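Fold and geometry: a report
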Amino acid sequence: MYQIKRRHLPYSKLKAYMVENRITQKELSNLLKISAVALNQKINGTGGDFNLNEVRNICRHLKISSDEYFIEPQVSKVKTKLMERVNSD
């Protein structure tokens, strides 16, 4: 059986959001000014990762949170706890 070689974890949650909201990879690739193939590879983890500017554009356009769709949950939770501590002092 052929095993897919991934460079990073796939963005499954982003992919599901796109399917649920009928957003095509072609639409998103046009927004980012990259090829549909490059976007597909980024989403599936087989190509390069999204850069910060691409994440910002996606989040603005789709009105989604970068924490929710691009940052690993444990990182986001640590950040939230730290902010709670800072704000309580």
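In case you missed it, the structure is sitting above this.
Report on the accompanying structure. (Residues numbered from 1 in each chain as written. Predicted model: local features only at pLDDT ≥ 70, side-chain atom pairs only at ≥ 80, totals over all residues. Heavy atoms only, no water.)

Some words on the overall build of the protein chain
Counted only if it meets this: Each helix is a run of H or I in the DSSP string that is no shorter than four residues. Each strand is a run of E no shorter than two, and both are numbered from the N terminus. Three labels apply to residues, based on accessible area from a 1.4 Å probe with only protein chains included: buried if under 20% of the type maximum, exposed if over 50%, partly exposed otherwise in between. Surface exposure here means Shrake-Rupley accessible area, sampled with a 1.4 Å probe, where a residue is shielded only by the protein chains that are shown.
A count of helical and extended segments in the protein chain gives 6 helices and 0 strands. When the helices and strands of the protein chain are listed from N to C terminus, the series reads α-α-α-α-α-α. Relative to its 89 residues, the protein chain shows a buried fraction of 28%. Accessible area of the protein chain: about 6,800 Å², with a carbon and sulfur share of 53%.

What to know about the packing of helix α2 (residues 25–32) against helix α3 (residues 36–44)
We count it as follows: Note on geometry: axes are lines fitted to C-alpha atoms, helical ones only across the stretch in contact, with angles between N-to-C directions running from 0 to 180 degrees. Oblique is the label for any angle not covered by the other classes, which are roughly parallel (under 35 degrees), roughly antiparallel (over 145) and roughly perpendicular (65 to 115). Contacts between residues were defined by any pair of non-hydrogen atoms, one from each residue, lying within 4.5 Å. Three classes are used, and their members are as follows: Ala, Val, Leu, Ile, Met, Phe, Trp, Tyr, Cys and Pro are nonpolar, Asp, Glu, Lys and Arg are charged, and the others, Gly among them, are polar.
Where α2 contacts α3, the axes come no closer than 8 Å and their chain directions differ by 105°. Compared by their axis directions, α2 and α3 come out roughly perpendicular. Counting all contacts with α2, which are made through Q25, K26, L28, S29 and L32, the residues of α3 involved are A36, L39, N40 and I43. Among the residues making up the contact of α2 with α3, the classes are represented as 5 nonpolar, 3 polar and 1 charged.

A few points about unusual backbone geometry
One non-glycine residue, K33, adopts positive backbone phi at about 60°. By the element assignment, K33 lies in the loop between α2 and α3. Positive phi values are uncommon outside glycine, yet K63 reaches one of about 60°. Within the secondary structure, K63 is located in the loop between α4 (52–62) and α5 (66–70).

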